[in-house]
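# Structural description and commentary
Next come the chains, spelled out residue by residue.
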Amino acid sequence: MSALDRKLWRDLMTLKGQAMAIALVIGCGVAAFVMALTALASLQHTRDRYYDSQQFAEVFAALKRAPNGLAARIEAIPGVGRVHTRVQMQVTLDIPGMMEPASGRLLSMPDRDDIGLNRPYLRRGRWLDPERDGEVLVSEALAGAHRLRPGDVIHAVINGRRRALRIAGTVLSPEFIYEIRTGDMLPDPKRFGVLWIRHTELAQMAGMDGAFNEVSLTLTRGAPVAEVVRQLDLLLASWGGVGAHDREDQLSHRMLSDEFAQLRGMALITPGIFLLVGAFLLNVVLARVISTQREQIAAIRAFEVCAVQRERAGRAYEAARRGGVSAFHGGGGRVCAVGAASRRTGGDPRLWHRTERRQRSARRLPGAVRGADGSVAGTRYTEPHPACAVRGHHQIDR
């Protein structure tokens, strides 16, 4: 450890209160950065696992009405994996305890066990019974906002007729992580909710027997999303298609992605503020210490540089001495004067110019090449540092 390092540690111990405060600010910034990025990575991983387990679709399209046989033509589009068709309609909900009516989105579920894509996740209650009519699954947000439980009854106006719907269970859906009504900016679970009912029952209520008005599908690995969307739009154009879109433009996924983007921005901005404040405080403290102890730091640095120069001069002297001896054995006896000159100067960098003149004469000797090379290397290696030269000048003056 150098003298400057030891001095720095002593100054830190003197200013340990300020040093601990600066370290605490920087530590808070690093902790906030790690915590935010870890939370973001965990949320993204959880979302991806949720999408995979519930078979969340990758392309969505809505239309007026199309026969079920069109699903085979959709599946024949290059790049399409699985196809899921369903019936959906907007209904008005009459919920007990609520003065004004709410709106809901009623979706059909396959009667068979294979639910297909966009599978709901059952939270409470049970799945729909194929033998019972009038049963629905409601979203957990709607049930929580109105304290609905399995077995409760709500009423819905479907095609102008008021029907009683019994709640079989509450579910979550990857398609409706954010339950937002069309035209709204924020979710409002008290006035909007999503319900699931058996496909055959909803098709009869909506007059969609043997037809569908929504389709979602998955893609094969490496399939071009834009091309699949274009071909799907062309296929559904004659059936009242209103435009297909991929997952990035799906409303709930888009809102969730925007939330992740905001969290990523906070993970960079908030810790950055802590780190900038810590860097500012550290700069202020160090600038004050350096300004008040500039002369001491310069003196310590000068002594350290001179010690290094003395070590280098000693190595250069040894190199020149070995070079002179080698030249003597090679036939260049006159080059021994170079080694002698080195010994006479005592390795003083200011007196090596005398050795340089003797090197030039030594280069003329055929057998003195090695000695000259060693002396030149030693001369070039021992060029004095300005701090050491100044110190030596004061010693000579004395």
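Residues numbered from 1 in each chain as written. Predicted model: local features only at pLDDT ≥ 70, side-chain atom pairs only at ≥ 80, totals over all residues. Heavy atoms only, no water.

Given two aromatic rings, one states the distance between the centres and the angle between the planes to describe the pair. Counted according to the given criterion, the structure contains three aromatic pairs. Between the aromatic rings of Phe-56 and Phe-60, the centroid separation amounts to 5.6 Å while the plane-to-plane angle is 45°, which identifies the pairing as tilted. You'll find Phe-56 and Phe-60 in the same group, each marked buried. Measuring from ring centre to ring centre gives 6.2 Å for Phe-176 and Trp-196, while their planes differ by 75°; the resulting arrangement is edge-to-face. Of the two residues, Phe-176 is situated in the loop between strand E8 (161–172) and strand E9 (192–198) and Trp-196 in strand E9; the sequence distance between them amounts to 20 residues. For the residue pair Phe-176 and Trp-196, the accessibility class agrees, reading buried in each case. Cluster of aromatic residues (ring-pair linked, three or more members): Tyr-51, Phe-56 and Phe-60. (Phe/Tyr/Trp six-rings, centres within 6.5 Å; stacked < 30°, edge-to-face > 60°. Buried < 20%, exposed > 50% of the residue type's maximum accessible area, 1.4 Å probe, protein only. Helix = DSSP H or I, 4+ residues; strand = E, 2+ residues; numbered from the N terminus.)

Here the protein chain averages 79 in pLDDT, while 75% of its residues score no lower than 70. Taken as a whole, residues 327–355 scores under 50 in pLDDT and shows 44 contacts with residues more than four places along the chain or in a different chain. Long-range and interchain partners of residues 362–398, a stretch whose pLDDT sits below 50, account for 52 contacts in this model, where long-range means more than four residues apart. (pLDDT = per-residue confidence, 0-100. Contact = heavy atoms within 4.5 Å.)

Turning to helix H2 (residues 16–53), a few remarks are in order. Given a rise of 1.5 Å per residue, 38 residues ought to cover 56 Å, and the 54 Å separating the end C-alpha atoms of H2 matches this to within 8%. Within the sequence span of H2, burial applies to Ile-22, Gly-29, Ala-32, Ala-36, Leu-40, Arg-47 and Tyr-51. Looking at the buried positions of H2, the neighbouring elements they touch are helix H7 (251–292). (Expected span 1.5 Å × (residues − 1).)

Attention now goes to the sheet that holds strand E11 (residues 245–246). Read across the open sheet, the four strands follow the order E2-E10-E1-E11; overall the sheet is antiparallel. One side of each edge strand has no neighbouring strand; the edge strands of this open sheet are strand E2 (80–86) and E11. Relative to E11, strand E1 (residues 59–67) runs antiparallel, the two being bridged by two bridges. When the sheet's bridge partners are listed, Val-59 is paired in E11 with Asp-246. (Pairing = 2+ DSSP bridges.)

Okay, the nonpolar core next. One broad rule of soluble globular proteins: the nonpolar side chains tend to lie buried together. Counting residues in hydrophobic clusters, the biggest one holds 24 residues, and the most contacted among them are Leu-93, Ile-95, Leu-106, Ile-158, Leu-195 and Ile-197. Looking at this core, the elements with two or more residues in it are strand E3 (88–94), strand E4 (102–109), strand E6 (135–139), helix H4 (140–146), strand E7 (153–158), E8, E9 and helix H5 (199–206). Core analysis: the second largest hydrophobic core is formed by 19 residues, Leu-63, Leu-70, Val-215 and Leu-232 among them. (Core = buried A, V, L, I, M, F, W, Y, C linked by side-chain atoms within 4.5 Å.)

A few words on the pairing of E9. With seven of its seven residues buried, E9 lies for the most part within the structure. Sheet topology note: the E4/E9 ladder contains seven bridges and is parallel. From the neighbouring strand, Ser-103 faces E9, where its bridge partner is Phe-192. Across two bridges, E6 lies against E9 in antiparallel orientation. Bridge assignment links Leu-137 to a residue of E9, and that residue is Trp-196.

What follows deals with the pattern of salt bridges. Applying the stated criterion across every chain yields a total of 15 salt bridges. A salt bridge links Glu-135 to Arg-126; its shortest N-O distance comes to 2.4 Å. We classify Glu-135 as buried; its relative accessible area is 4%. Accessibility expressed as a relative area gives 33% for Arg-126, which makes it partly exposed. (Salt bridge = Lys/Arg side-chain N within 4 Å of Asp/Glu carboxyl O.)

With that out of the way, let us pick up helix H6 (residues 225–236). Look at H6: 16 Å from first C-alpha to last across twelve residues, which is about the 16 Å you get at 1.5 Å a residue. Of the positions making up H6, those classed as buried are Val-228, Val-229, Leu-232, Leu-235 and Leu-236. Relative to the axis of H6, the buried residues are bounded by an arc of 125° and lie together on one face. Facing away from the buried surface of H6 by more than 90 degrees, the exposed residues are Ala-226 and Leu-234. (Arc of directions from axis to C-beta.)

A few words now on the packing of H2 against H7. Put simply, H2 and H7 touch, their axes get as near as 9 Å, and they point 165° apart. The angle between the axes of H2 and H7 places the two elements in the roughly antiparallel class. Seen from above, H2 lies across H7 with left-handed handedness. Of the residues that constitute the contact of H2 with H7, the class distribution is 24 nonpolar, six polar and three charged. (Axes fitted to C-alpha atoms, helices over the stretch in contact; angles between N-to-C directions. Parallel < 35°, antiparallel > 145°, perpendicular 65-115°, else oblique. Left-handed = near helix turned anticlockwise from the far one by under 90°. Nonpolar A, V, L, I, M, F, W, Y, C, P; charged D, E, K, R; others polar.)

The next thing to look at is the side chain of His-84. As for its position among the elements, His-84 is in strand E2. Beyond its immediate chain neighbours, meaning those up to four positions away, His-84 contacts Pro-110, Ile-115, Gly-116, Leu-117, Glu-214, Val-215 and Ser-216.

Quick look at unusual backbone geometry now. In the Ramachandran plot, Asn-118 falls in the positive-phi region, its phi being about 55° despite a non-glycine side chain. Assignment of secondary structure puts Asn-118 in the loop between E4 and strand E5 (121–125). The phi dihedral of Asn-159 falls on the positive side, at around 55°, and the residue is not glycine. Counting through the fold element by element, Asn-159 comes out in the loop between E7 and E8.

On to the side chain of Glu-214, then. Inspection of the secondary structure puts Glu-214 in strand E10 (residues 211–219). Side chain to side chain, Glu-214 and Arg-86 meet in a polar contact 2.7 Å long. Within the structure, Glu-214 has its side chain in polar contact with the side chain of Arg-105 (distance 2.3 Å). Apart from the residues lying within four places of it in its own chain, the contact partners of Glu-214 are Ala-61, Ala-62, Leu-63, His-84, Thr-85, Arg-86, Gln-88, Arg-105 and Leu-107. (Polar contact = N/O pair within 3.5 Å; in protein donor to acceptor, adjacent residues only side chain to side chain.)

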